[in-house]
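Notes for the structure review
The residues making up each chain are set out below.
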Amino acid sequence: AENEVLQTKADSDDETIREFGGHVSKTNPDFVLTFDGNSVHWPYLVKRADKTKTPLRVGRDGGPPHQSLYGHYSLIGRANVDLLNFADDLYAVKNKTIEDVAKYLGIELSSQNPIDETAYFEHWSNLNQRKNLVKHVEEQTKAILKIGQEAIDYVIQMSALSGLPPDQVIAAAVGFRVDNYLMMETHNLGQLIPSRMEQPIIPYKGAIVLEPKIGLHDNVASLDFSSMYPSLMIKYNISPDTLITGRETDDIFEVPEVRHRFRNHPSGFYRIVLTKLIEARKTTKAELKRTAPSDPRYTLLKAREKAIKVMTNAVYGYAGWAGARWYSKEVAESAAALGRETINRAISIAKSLGLTVFYGDTDSLFVNHDEKLVQKFQGEIDRQLGLEINLTEVYKRILFTEAKKKYAGLKTDGQIDVVGLEAVRGDWSNLARDVQNTVLRMVLEDAKPDRAATYVKGLAADLRSRMLPLSAYVIWKTLTKPVAAYEVNAPHVEAAKKMAKEGWSVTAGDKVGFVITKKTGKLYQKAEPHYKVSTDDIDYDYYVNNQIIPAAARILEVLGLTENQLIAEPGSQARLSGRSERG
DNA sequence: TACTGTGGCCGTGGTC
DNA sequence: GACCACGGCCAC
């Protein structure tokens, strides 16, 4: 039946594997979906099948999966799609879990309290809890299918664009997708494909980030150049095959600052492909406008538009990648230099019109939202620079901190955009993130710090009596290399070592959740794996002094408050314990 | 072939 | 306490 969940009652590995293969053959799917299957489920199944000498019949040929390109497992006659790879293409999703990806895609999950992986064994061991675990896995399976339904159009479109098979394209890194796409286009143009060469990595100067105007500002607009790097590469014919290495001086363009020179004619390879991509996106967008959302073609067109956008935006970075077939440091460096010139000229134009520039990063500018002036500004950008700049957001009130890339704005719909701050970082506790979000809302709504300061002081004074769940205190950090490879001690590495000692397989790429406990010594000595900690072990002073106060102060310092002014009144635990942990 | 780029912040450990 | 490297994550 459609969307039927199949469960096995088999109580041995070989029986389970056989039954699984039977189900796959019977269902005979074109797509097989997993979440993290390439690194977890397929390798595990293959190993167990080997060990028990059971045939794993999952391909259309009745054969086992094969290890293939890009760390991907291939099933003959079927597209095996690991949806974790799809999640990697969803930049707005920070935490790549089934639950968070589903939530982002608007998929409703019936289970509100997913079971953490570290608790699986405990649930399995207890017969009463085992039912819950089975239910949880069933829920996840249903979610995977729904995520897959959202993913498949995109996967197919990315496959059509890049020329890579659908099961491989989503596993392939961005650079290889671009590489493949360009190879296809070369073929269309009747040109030869350069071979890949081992090249040294030469760094070059990138974009400009402006110093923000610190404080709260009312009625601010943000504007973005549309596809800035691709537009500049097209405009000035920036391409490896138009780069001048000799003495030519006729019909050329010299890039400011870096002084690389490019022929204006004929059009280079990058201009041809980028123009084609941008035109294709325009066509798709226009078609989308004529199509009703209920039309089955609508989601397909949406997926196509997204795939083209992702590919277009990847070309500049690809050009500066030493592993690219069409690598050219001069090309990437020139695009970056032209970007810097563009933003600088835009700032001058804005100022000359009487606009105030509050902040800007790479291809964006924040100015006071004077509607007439902003429209005039957009017109001047078109007239003087031949580029398009779009109004992307209007903020009723926005707060810039002293730091670049960290700000928050109250939108006209009442929603708050948080950028770069602790509240959107995965390596801070939920507690700190929640506190900062609350403080931001209070400050942006009130335009003064009083209410937020009172809230923070109250929380800091009696954190432990709030009885927050342990999950509020867990800090997650990725292990970027094997534990043995670390040069210095760090809390998440220490927690990973403790997990490894207990038999967990902790490898590079894993996220380690830890809690700072009351143990003595350096912070890394106080860090414990989250599943071993109870709320009695929590070092509340640490969470007040090193999580709540810094996260709140980052915002409230903008309005003149100091960290000291946020610490609880004398007499409270937090005050008495001092702030010995902070330098 | 499991690396698209640079700019930036900041906590923590470790040394002087 | 000052200073710096390491390490992780984020903006664009």
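**Considerations on the environment of Ile208**
As for its position among the elements, Ile208 is in the loop between helix 8 (174-189) and strand 5 (215-225). A sequence separation of 152 residues divides Ile208 from Gly360, and the C-alpha atoms of the two residues are 8.1 Å apart. Leaving out residues up to four positions away in the same chain, Ile208 has contacts with Arg340, Ile343, Asn344, Gly360, Asp361 and Thr362.

**Comments concerning the protein's contact with DNA strand C**
Taken together, 19 residues lie near DNA strand C, and Asp363, Thr478, Thr480, Tyr486 and His492 sit nearest. When the atoms of DNA strand C within 4 Å of the protein are sorted by group, sugar and phosphate make up 84%. Within the side chain of Asp363, a nitrogen or oxygen atom sits 2.4 Å from a sugar or linking oxygen of DNA strand C. Interatomic distance of 2.9 Å between a side-chain N/O atom of Tyr407 and a phosphate oxygen of DNA strand C. Tallied by class, residues from the surface near DNA strand C come to four nonpolar, six polar and nine charged.

**Concerning the domain arrangement of chain A**
Segmentation of chain A into domains returns domain 1 (13-172), domain 2 (202-411) and domain 3 (421-583). A C-alpha centroid distance of 34 Å is found between domain 1 and domain 3. Counting residues at the interface gives five residues for domain 1, matched by seven residues for domain 3. Summed over both partners, the interface of domain 1 with domain 3 comes to about 400 Å²; 54% of that surface belongs to carbon and sulfur atoms.

**Focus on the sheet that holds strand 14 (residues 511-516)**
Judged by pairing direction, the sheet is antiparallel, and its three strands sit side by side in the order 13-14-15 without closing on themselves. At either margin of the open sheet sits one strand with a lone partner, and together these are strand 13 (475-478) and strand 15 (527-529). The mean angle between the axes of side-by-side strands here comes to 45 degrees, regardless of whether they run parallel or antiparallel. In the sheet, strand 14 pairs with strand 15 via three bridges, with the strands oriented antiparallel. Residue Phe514 lies in a different strand from strand 15, and its bridge partner there is Pro529.

Procedures and definitions
- Residues numbered from 1 in each chain as written.
- Chains lettered and ligands numbered in written order.
- Predicted model: local features only at pLDDT ≥ 70, side-chain atom pairs only at ≥ 80, totals over all residues.
- Heavy atoms only, no water.
- Helix = DSSP H or I, 4+ residues; strand = E, 2+ residues; numbered from the N terminus.
- Contact = heavy atoms within 4.5 Å.
- Near = heavy atom within 4 Å.
- Polar contact = N/O pair within 3.5 Å; in protein donor to acceptor, adjacent residues only side chain to side chain.
- Nonpolar A, V, L, I, M, F, W, Y, C, P; charged D, E, K, R; others polar.
- Domains from an automatic or database assignment.
- Buried area = accessible area lost by both parts, 1.4 Å probe.
- Pairing = 2+ DSSP bridges.
- Axes fitted to C-alpha atoms, helices over the stretch in contact; angles between N-to-C directions.

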